[in-house]
Amino acid sequence: MTEKAYQICINPDCQATYGIDQILFSCDKCKSLLDVVYDWERLALPRSLEYFEHRWGTKGLWSEGRLDFSGVWRFRELLPFVPNEAVVTIGEGRTLLEQCDTLGRQIGMKPGRLFLQYEGLNPSGSFKDNGMTAAFSLARMLGRRRVACASTGNTSASLAMFANKSEPPMQGIVFIGTGKIAYGKLSQALDYGALTLQIEGDFDACLRRVMQIADKLGIYLMNSVNPFRLEGQKAIMYRVLEALGWQVPDWVIVPGGNLGNCSAFGKAFRELQELGLIKRVPRLAIINATGANTLHQLVDKHKVTWNGGRYDRDKVSALYKVMDDSHYLPHTIASAIEISRPVNLPKALRALDVCKGVVREVSDDVILEHKALVGRYGFGCEPASAASVAGLNLLLKQQIISPDENVVCILTGHELKDPDATVKYHTGIDMKALTPPPAVTPTGVCANPPRRVADDLEAICSALGETLPV
Ligand code: F0G
């Protein structure tokens, strides 16, 4: 490879390389995930993270190139795969790290030790914008016009927003599961004009289908199997370090669904350490909901570890077979992380290895109690996000984390994404049950209703106005 940035298969026994202009979402040879890697020696690299401070004077300005305005592209030297002119940005990543002593005290932390990273303050209301800006920039560079994802709601909201904000605009296509999406998120995809297919199935079924469709119809896939998404999500950790005066926290705690975010964090810290820009990496805690706890089962029950990339695939297949045989479907109030076959599993195992990580599960009741605490003492978050604070409380009780360690909990999505969950918690009233879907046709000129489609390739192609290629 002579390029300064390229893709590489993460399987140590394969390590096939591909150019960044090659559109594939797994290795052609062995089907493992791909990483974006850089030939850092040939790139202009900052000597220290303080280098980025020279952009602070311009970061508030929607100014020339708009790149400093973005909390992702402000760190562009650390994700150098796209020329500045191709970047698609909407001002993502202008988020807050809040020191939250009141909440910290409530769960037994010492003052000054608990920090909440509010990724719900992104333009589409979740951390997904960090990754979308990166993947959209690549899609634009490669001249793609149609983009698609499967989603539990936030990826689709973010994709829909970026698709209509791109220059030129792209067609956004989103696959959502039936009855599996919080209305705040569904309303975004519809309002931003995405073609919304409601598949009869859950997220895992949607992801399987969108990957097949993307492949067959040449649509650019925006799920986190797209390694460029994860490049953008590294910036969440750069901003955490920036807000802490470039000090590395002791712990970063993040909810785990499809395991893209935790994988991106692990890659960010590994790269920064290899580049000598940080001296140590933080520990990582990934928190599953009990009703969607595949990672927890694999790591804690079946003792699956990264093992230099040679993780025990048989154990993973065996667990998936048990799930299939028992017709297991994940179920949690934290609908964002209601996922049973996380596609980034290998990368998450690697992140756990890099960051001496731990995995925990927390029940829906515990998630909701911690969501209410975040709301009471902070700016609020959606249920999945509160899994991080619930996980912290558990790890404090288990004395894995001590009250005087510096801990950053990532609050991945905005409170208003899922108001039903909040209202139900505080009033006991199930708003969805009160308002059964009316059988009416929308009359608005811009109305963009979701289309119901069977979990079937031909039916999906026909909903996209195409026939299934043979
Ligand atoms: N928190 C929120 C609010 C999310 O929307 C998601 C994922 C996660 C946590 C988990 O992140 O997948 O990187 O481990 N939502 C995806 C979606 C699956 O379709 O919006 P992850």
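The residue count restarts for each chain, going from 1 along the sequence in the order it is written. The model is predicted, so local features are restricted to residues of pLDDT at least 70 and side-chain atom pairs to those at 80 or more, both for listing and for counting; the totals for chains, interfaces and linings are taken over all residues. Hydrogens and water are ignored here; the side-chain numbers use all heavy atoms of the structure.

**Section: the site of the ligand**
Looking at the ligand, there are 20 residues lining it, with Thr 152, Asn 154, Gly 257, Asn 258 and Thr 412 nearest. For the purposes of these results, a polar contact is taken to be a pair of N or O atoms within 3.5 Å, where, inside protein, one atom must be able to donate a hydrogen and its partner to accept one; residues adjacent in sequence count only when each atom of the pair is a side-chain atom. Contacts to the ligand include Thr 152, whose backbone N or O atom sits 2.8 Å from an oxygen atom. One of the backbone nitrogen or oxygen atoms of Asn 261 is found 2.8 Å away from an oxygen atom of the ligand. Note that accessible areas follow from Shrake-Rupley with a 1.4 Å probe, and for residues the cover is restricted to the protein chains shown. In isolation the ligand exposes 480 Å². Once the protein is present, 99% of that is buried. The criterion for a residue being near a molecule or strand is simple. One of its heavy atoms has to lie within 4 Å of it.

**Description of the packing of helix 2 (residues 128–141) against helix 6 (residues 227–243)**
To obtain an axis, a line is fitted to C-alpha atoms, over the contacting stretch when the element is a helix, and the angle between two such axes runs from 0 to 180 degrees between their N-to-C directions. Comment: elements are numbered from the N terminus, with helices defined as DSSP H or I runs of at least four residues and strands as E runs of at least two. Direction vectors running N to C along helix 2 and helix 6 enclose 140°, while the axes themselves pass 6 Å from each other. Of the possible angle classes, the one that applies to helix 2 and helix 6 is oblique. Judged by the sense of rotation from one axis to the other, the crossing of helix 2 with helix 6 is right-handed. Contacts between helix 2 and helix 6 involve Lys 128, Asn 130, Gly 131, Met 132, Ala 134, Ala 135 and Leu 138 from the former and Phe 228, Arg 229, Gly 232, Gln 233, Ile 236 and Arg 239 from the latter. Taken together, the residues of the contact of helix 2 with helix 6 break down into six nonpolar, four polar and three charged. The scheme is simple: roughly parallel for angles under 35 degrees, roughly antiparallel for over 145, roughly perpendicular for 65 to 115, oblique for anything else. Left-handed describes a crossing whose near helix is turned anticlockwise from the far helix through less than a right angle; right-handed describes the clockwise counterpart. When checking whether two residues touch, look at their non-hydrogen atoms; a contact exists if any pair is within 4.5 Å. The residue classification treats Ala, Val, Leu, Ile, Met, Phe, Trp, Tyr, Cys and Pro as nonpolar and Asp, Glu, Lys and Arg as charged. All others, Gly included, are polar.

**Notes on the pairing of strand 8 (residues 195–199)**
Within a regular strand, the side chains alternate between the two sheet faces. For strand 8, a buried count of five out of five residues is recorded, marking the element as mostly surrounded by other parts of the structure. The alternating pattern of strand 8 places Leu 195, Leu 197 and Ile 199 and Thr 196 and Gln 198 on opposite faces, both of which are buried. Strand pairing follows a simple DSSP-based rule, namely that at least 2 bridges must link the two strands. Direction of pairing for strand 7 (residues 171–177) relative to strand 8: parallel, over a ladder of five bridges. Paired with Gly 177 across the bridge in strand 8 is Ile 199. With helix 4 (residues 183–191) bridging strand 7 and the parallel strand 8, this β-α-β connection has right-handed handedness. Across three bridges, the pairing between strand 8 and strand 14 (residues 451–453) is parallel. Considered in strand 14, the bridge of Leu 197 is made with Arg 451. For every residue, the accessible area (1.4 Å probe, protein chains only) is compared with the maximum for its type, and the residue is labelled buried under 20%, exposed over 50%, or partly exposed between those bounds. Looking down the strands as they point away from the viewer, one classifies a crossover as right-handed if the path from the first strand across the helix to the second runs clockwise.

**Looking at the domain arrangement of the protein**
Segmentation of the protein into domains returns domain 1 (1–43) and domain 2 (96–123 + 230–419). Bear in mind that the domain bounds are from an automatic or database domain assignment. With centres defined by C-alpha atoms, the gap from domain 1 to domain 2 works out at 26 Å. A combined buried area of about 990 Å² lies between domain 1 and domain 2, and 55% of that area is made up of carbon and sulfur atoms. The interface formed by domain 1 and domain 2 holds five residue pairs in polar contact (both at pLDDT 80 or more) in total. Split by residue class, the side of domain 1 that touches domain 2 holds seven nonpolar, two polar and two charged. Accessible area that two parts lose when put together, evaluated with a 1.4 Å probe and summed over both, is termed the buried area.

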